[in-house]
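If you want the building blocks of each chain, they are given just below.
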Amino acid sequence: MSELTTDLAPLVTALSFAAKKHRHQRRKDVEASPYINHPIDLINVLVNEAGVTDLTVLIAAILHDTVEDTETSFEELETIFGKKIADIVQELTDDKRFRKEKRKQLQIDNAARASYEARLVKLADKICNLRDMDVSPPAGWDLDRRREYFDWCLAVIDQVRGTHGQLENLFDEAYSKKP
Ligand code: NDP
Ligand code: ZN
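A quick note: this is a predicted structure, and the numbers were derived from the prediction, not measured.

### Things to note about the overall build of the protein
The secondary structure content of the protein amounts to 10 helices and zero strands. The secondary structure elements of the protein, listed N-terminal to C-terminal, are α-α-α-α-α-α-α-α-α-α. The C-alpha atoms of the protein give a radius of gyration of 16 Å, which matches the 16 Å a tight globule of 179 residues would have. Its C-alpha atoms give the protein principal-axis dimensions of roughly 45 × 35 × 35 Å. Counting only residues that meet the buried cut, the protein has 46% of its 179 residues in that class. Total accessible area on the protein is roughly 9600 Å²; 49% of this is exposed by carbon and sulfur atoms. Charge-centre separation for the protein: the mean point of 26 positive side chains lies 4 Å from the mean point of 32 negative side chains.

Right, here's the structure in full:
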């Protein structure tokens, strides 16, 4: 097993923070899995499947859904984790002022100019969501909706090609399971 030589304290703080924030939340699969499994899946993909060990990326991955899905503010993230991580999470957070269709389109439009760190997290997020969509899809989603979701993820990831070969291979592998 390769060694992580960086200081693990902020990573553990982020895990503890995200676990508390997401504690009442469940994923959309029929078993309603604990939400925290999802950010943990992201860092598992980043570290163990893609060899990404940059602590900033891993912490942003752990926190990536806290503002979008829980009562967390960017100011709170900045106070605890610093401006750089708060800014990356902001890049990964949909603007709730817009309607869902617009938010989906904005992800496609904005992906290419996201920071390198945000693009790595975005790749991991789409990999994990496509895998979930394959093995434990949201309850009640029909075939068309699942297929549309795969194609939307592809449209986003096509904008960041050239960022990280291994993550892109893992994405393509996940996309190949499109129903
Ligand atoms: P949502 O964004 O509401 O739901 C998908 C998101 O849910 C994922 O990105 C993921 O986000 C999260 N999630 C939670 N649990 C799971 C799980 N088990 N598997 C995968 N993802 C999970 O999607 P939309 O409602 O916007 O629909 C997606 C597509 O379906 C769109 O392309 C839309 O056009 C289409 N659609 C089709 C309809 C139809 O009836 N045919 C109706 C509405 C939309 P995170 O990582 O942030 O948690
Ligand atoms: Zn996510």
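### Concerning the site of ligand 1
Around ligand 1, the surrounding shell holds 19 residues, and the nearest of these are Lys28, Tyr35, Lys100, Arg145 and Tyr149. The contact in question runs from an oxygen atom of ligand 1 to an N or O atom on the side chain of Asn129, over 2.9 Å. With respect to ligand 1, the side chain of Tyr149 contributes an N or O atom lying 2.6 Å from an oxygen atom. Taking 920 Å² as the accessible area of ligand 1 by itself, protein coverage stands at 76%. For the shell around ligand 1, the element with the highest residue contribution is helix α8 (residues 116-135), accounting for four residues.

### What about unusual backbone geometry?
With phi around 50 degrees, Ala32 is a residue other than glycine that occupies positive phi space. Ala32 sits in the partly exposed class, given a relative accessible area of 31%.

### Quick word on the packing of aromatic side chains
By the definition in use, this model includes five aromatic pairs. Each ring, one from Phe17 and one from Phe81, has its centre 5.5 Å from the other, and the planes form 85 degrees; the classification is edge-to-face. Taken together, the residues Phe17 in helix α1 (residues 9-21) and Phe81 in helix α5 (residues 74-81) connect sequence positions 64 residues apart. For the pair shown, Phe17 and Phe81 are each scored as buried. For the ring pair Trp141 and Tyr149, a centre distance of 6.0 Å and an interplane angle of 70 degrees mean the geometry is edge-to-face. These aromatic residues form a ring-pair network of at least three members: Trp141, Tyr149 and Trp152. When the ring centre of Trp152 is taken as reference, the NZ or CZ atom of Lys104 above it lies at 3.8 Å. Here the guanidinium or amino end of Arg145 rests over the ring plane of Trp141, the centre of that ring lying 4.0 Å away.

### Examining the pattern of salt bridges
A complete count under the given rule lists 10 salt bridges for this structure. Among the salt bridges present, the one from Lys178 reaches Asp151, with a minimum N-O distance of 2.9 Å. Within this pair, whereas Lys178 is found in the segment after α10 (165-175), its partner Asp151 is found in helix α9 (residues 143-157), the two being separated by 27 residues in sequence. Within the structure, one salt-bridge network assembled from shared partners comprises Asp158, Arg161 and Asp172.

Rules behind the numbers
- Here, residues in each chain are numbered from 1, in the same order as that chain's written sequence.
- Labels follow written order: the first chain is A, the first ligand is 1, and so on.
- It should be noted that, the model being predicted, local features are given only for residues of pLDDT at least 70 and side-chain atom pairs only at 80 or more, the latter also being counted only at that level, while totals for whole chains, interfaces and linings use all residues.
- Note that the side-chain values use all heavy atoms of the structure and ignore hydrogens as well as water.
- Per the convention used, a helix needs a DSSP run of H or I reaching at least four residues, while a strand needs a run of E reaching at least two, with both numbered from the N terminus.
- Computation of the radius of gyration draws on C-alpha atoms alone. For the globule rule, the value is 2.2 Å times the number of residues to the power 0.38.
- Burial here depends on accessible area, computed with a 1.4 Å probe over protein chains only, as a share of the maximum for the residue type. Under 20% is buried, over 50% is exposed, and the range in between is partly exposed.
- Using the Shrake-Rupley algorithm and a 1.4 Å probe, accessible areas are obtained, with residue cover drawn only from the displayed protein chains.
- The convention is simple: Lys and Arg are positive, Asp and Glu are negative, and His and the chain ends are not counted.
- Note on charges: their place is set at NZ of Lys, CZ of Arg, CG of Asp or CD of Glu.
- One heavy atom within 4 Å of a molecule or strand is enough for the residue carrying it to be called near that molecule or strand.
- In protein, a polar contact requires one atom able to donate a hydrogen and another able to accept it; more generally it is a pair of N or O atoms within 3.5 Å, and residues adjacent in sequence count only if both atoms are side-chain atoms.
- In this scheme Phe, Tyr and Trp rings, the latter by its six-membered ring, pair at centre separations within 6.5 Å, and the angle between planes marks the pair as stacked below 30 degrees, edge-to-face above 60, and tilted otherwise.
- Whether a charge sits over a ring comes down to the Lys NZ or Arg CZ being within 6 Å of the ring centre and within 35 degrees of the ring normal.
- Salt bridge, as applied in this entry: a Lys or Arg side-chain nitrogen positioned within 4 Å of an Asp or Glu carboxyl oxygen.

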